[in-house]
Amino acid sequence: MTAVRPDTVPQQAPAAQAPFPTGFLWGAATAAYQVEGAAAERGRTPCIWDTFSHTPGKVLNGDTGDVAADHFHRYRDDVALMKRLGLQAYRFSVSWSRVQPTGRGPAVESGLDFYRSLVDELLAAGIKPVATLYHWDLPQELEDAGGWPERATAERFADYAAIMARALGDRVSMWTTLNEPWCSAFLGYGSGVHAPGRTEPAAALRAAHHLNLAHGRATEALRANLPAAAQTSVTLNLHQVRPLTDSAADADAARRIDAVGNRIFTGPMLKGAYPEDLLADTERIVNWPELIHEGDLAAIAAPIDVLGVNYYTPTIVSTPADGAGDTRNDGHGSSDHSPWPGSEHVAFHLAEGKPRTAMNWSVDPNGLHALLMDVSREHPDLPLMVTENGAAFDDAPDADGRVHDPERIAYLHGHLEAVRRAVADGADVRGYFLWSLMDNFEWGYGYAKRFGAVYVDYATQRRTPKSSAHWYGDVIARHALPPQA
């Protein structure tokens, strides 16, 4: 059962300074493989993360998502907790292999029923459901057929999107096609630190194109099957790239990482073309004219209603001097293989003098403000939403069972103030989703890293809201930031 102390549940507070816009949406997010568990129930078959996590040496401590936070069985208690904390929206992802076990053919109704029940529970609690179709969990059978480097996977994804729109379109009004396709392509097929664990630069670039195409085809499928008022979006982990110095060499390093980290997606999705410098940087790796078929770019550029932006830490880069060893402190895991095809020589750095999270990521709220402003200036007519932002710290219950996490509160306060400043400076930011609602399976780190505002005791599955959960509930109640302690 959920451990919530009535005296710590936030009450309605008078408005503080720094108000957020009317209608600004407050939520929290999770992902299916990270929280659901029930890995083999109701017809669900393995996804690439099941296979990857069960492969010795791939995930810290041999952890898997077989049980995770057991959200599949405990979703009613979890929704009740969301309501008590005052959440207005819950961003969840759908397990493709729970709904369509082979990635092809008709849906399994028992899999759809779980998401129908979850959405109904959210709506009954007055919480807006926000559905993400893909958060990295490709059905293993599609990976066995070649995975995202194969064009057919994009077509299968469009079929799956249509299934979900028909099943939930009467109840879910906000849809996201892909979460962080950069990670799917370049950590999954480039550096190999994420499932499926391949280390093939050409395959990573091919995967990026087919993820772009999948987004476009899925957007078309959603539009064809949803009510006209429904909103479609995509969520990108845009890198807030900075050169280490003002040298021309470091400026070129920043340009390169911006190209393969950001513009490889924003170019075709929002402008209908891949950037010429990206094509030049990577032409020795992949044959772009052969990869991009007629009509692809028009499909990828299908209009969206909102752009989701995920941000955790800035990306600081340089071009090493002759003879200097390259470093890849990019925050994306340890591998002998680079997730930056065509720019493997670029070095990455941590921000000097900044606090660090348990992920060894620099805490820098100014990066979020700068990123939102950059995207807003580049695409002034496209509403934005912060769809993930948060931090991992080494949380543990005290002698009374409470979990105090002042570092996370400080992180969230700084980043929410950055969002508020961006709105004041003209950025059209419509909402904020804290990552994550609860502690969960943190991919290659297993259960060693805790991002949640709610502490999960994995042995008992007991939920305990941390201080940050109550603080965030107070922010929501105020619709404004409280004075910083």
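Residues numbered from 1 in each chain as written. Predicted model: local features only at pLDDT ≥ 70, side-chain atom pairs only at ≥ 80, totals over all residues. Heavy atoms only, no water.

Under the annotation held in an unreviewed UniProt entry, the chain carries the name Beta-glucosidase and is attributed to Streptomyces filamentosus NRRL 15998. Taken verbatim from the UniProt record of the chain, the Catalytic activity (unreviewed entry) comment is "Hydrolysis of terminal, non-reducing beta-D-glucosyl residues with release of beta-D-glucose." In the Sequence similarities (unreviewed entry) part of its UniProt record, the chain is described as follows: "Belongs to the glycosyl hydrolase 1 family." (UniProt positions renumbered as here; feature names shortened; annotations may be inferred.)

Engineer: I keep staring at the pairing of strand β13 (residues 462–465) and nothing clicks. Help me out?
Structural biologist: Remark: a regular strand shows side chains that alternate across the two faces of the sheet. Where strand β12 (residues 454–457) lies against β13, four bridges are found, and the strand directions are antiparallel. Pairing of Val 456 across the sheet is with Arg 463, part of β13. Connecting β12 to the antiparallel partner β13 that follows it, the hairpin turn spans four residues, and Gln 461 within it adopts a positive phi of roughly 65 degrees. (Pairing = 2+ DSSP bridges. Helix = DSSP H or I, 4+ residues; strand = E, 2+ residues; numbered from the N terminus.)

Engineer: How should I be thinking about the pattern of salt bridges in this particular structure?
Structural biologist: Oppositely charged side chains are able to pair whenever their charged atoms sit close together. Scanning the model with the defined rule gives 37 salt bridges in all. As a salt-bridge pair, Glu 141 and Arg 104 come within 3.6 Å of each other at their nearest N and O atoms. A residue pair is termed long-range when its members are at least 10 positions apart, and Glu 141 in helix α6 (residues 140–144) and Arg 104 in the loop between α4 (96–99) and α5 (109–124) qualify at 37 residues. Taking the shortest distance from any N to any O, the salt bridge between Arg 217 and Glu 155 comes out at 3.4 Å. Highlighted residues: Arg 217 in helix α9 (residues 201–225) and Glu 155 in helix α7 (residues 151–168), separated in sequence by 62 residues. Looking at Glu 155, the relative accessible area reads 26%, which means it is partly exposed. Through salt bridges that share partners, Asp 252, Arg 255, Arg 256, Asp 258, Arg 263, Asp 277 and Asp 281 make up one connected network. (Salt bridge = Lys/Arg side-chain N within 4 Å of Asp/Glu carboxyl O. Buried < 20%, exposed > 50% of the residue type's maximum accessible area, 1.4 Å probe, protein only.)

Engineer: What should I look at first to understand the UniProt feature "active site" (unreviewed entry) in the chain in this one?
Structural biologist: UniProt records the feature "active site" (unreviewed entry) for Glu 180 and Glu 388 in the present numbering. A maximum C-alpha distance of 10.2 Å is found for the annotated residues, which run over 209 residues; spatially they form one tight group. Residue class for Glu 180 comes out buried when judged on its relative accessible area of 5%. Filtering out sequence-adjacent residues up to four positions away, Glu 180 remains in contact with Trp 136, Thr 235, Asn 237, Asn 310, Tyr 312 and Glu 388. Within the secondary structure, Glu 388 is located in strand β10 (residues 384–388). Here Glu 388 falls in the buried class, since its relative accessible area comes to 4%. Leave out the neighbours within four places in its chain, and Glu 388 touches Arg 91, His 135, Asn 179, Glu 180, Val 309, Asn 310, Tyr 311, Tyr 312, Phe 433 and Trp 435. (Contact = heavy atoms within 4.5 Å.)

Engineer: In this structure, what is going on with the pairing of strand β2 (residues 89–93)? I would like to understand it.
Structural biologist: Burial analysis of β2 places five of its five residues in the buried class, the great majority of the element. Across the two faces of β2 the burial is the same, with Ala 89, Arg 91 and Ser 93 and Tyr 90 and Phe 92 all buried. Pairing between strand β1 (residues 25–29) and β2: three bridges, direction parallel. Among the inter-strand pairings, Gly 27 is bridged to a residue of β2, identified as Ala 89. Where β2 meets strand β3 (residues 128–134), five bridges bridge the pair, whose relative direction is parallel. For Tyr 90, the partnering residue across the bridge sits in β3 and is Pro 129.

Engineer: What is the right way to look at helix α3 (residues 71–85) in this model?
Structural biologist: The terminal C-alpha atoms of α3, which comprises 15 residues, lie only 17 Å apart, well short of the 21 Å expected from a rise of 1.5 Å per residue. The sharpest bend along α3 comes to roughly 40 degrees, located at Asp 77. Buried residues of α3: His 71, Phe 72, Tyr 75, Asp 78, Val 79, Leu 81, Met 82 and Leu 85, and no others. (Expected span 1.5 Å × (residues − 1). Bend = angle between axes of the 7 residues up to and from the residue.)

Engineer: Explain the nonpolar core here, please?
Structural biologist: Within the largest apolar cluster, 156 residues are counted, with the highest numbers of intra-cluster contacts made by Trp 49, Trp 148, Phe 157, Phe 186 and Tyr 432. The dominant element in this core, judged by the number of residues it contributes, is α9, at 11 residues. Residues in contact with Trp 49, not counting those within four places in the same chain, are Tyr 33, Val 59, Trp 136, Val 193, His 194, Ala 195, Phe 441, Trp 443 and Gly 444. (Core = buried A, V, L, I, M, F, W, Y, C linked by side-chain atoms within 4.5 Å.)

Engineer: Honestly, the sheet that holds strand β5 (residues 231–236) in this entry has me stumped. Any pointers?
Structural biologist: Strand pairing in a sheet is mediated by backbone hydrogen bonds. Such pairs are either parallel or antiparallel. Taken together, eight strands build a closed barrel; the order of strands is β1-β2-β3-β4-β5-β7-β10-β11 and the barrel is parallel. The sheet shows a mean angle of 25 degrees between the axes of neighbouring strands, taken without regard to direction. Here strand β7 (residues 306–310) pairs with β10 via four bridges, running parallel. Counterpart to Gly 308 in the pairing with β10 is Met 385. (Axes fitted to C-alpha atoms, helices over the stretch in contact; angles between N-to-C directions.)

Engineer: Looking at this structure, how should I read the packing of aromatic side chains?
Structural biologist: Following the criterion strictly, the structure yields 34 aromatic pairs and no others. Geometrically, the ring pair formed by Trp 49 and Phe 441 is edge-to-face, given 6.2 Å between the ring centres and 80 degrees between the ring planes. You can see Trp 49 sitting in helix α2 (residues 48–53) and its partner Phe 441 sitting in the loop between β11 (429–435) and β12, a full 392 residues away along the chain. Grouping residues by exposure puts Trp 49 and Phe 441 together as buried. When the centroid spacing of 6.4 Å and the interplanar angle of 80 degrees are considered together, the rings of Phe 441 and Trp 443 count as edge-to-face. Among the residues examined, Phe 441 registers a relative accessible area of 0% and is labelled buried. (Phe/Tyr/Trp six-rings, centres within 6.5 Å; stacked < 30°, edge-to-face > 60°.)

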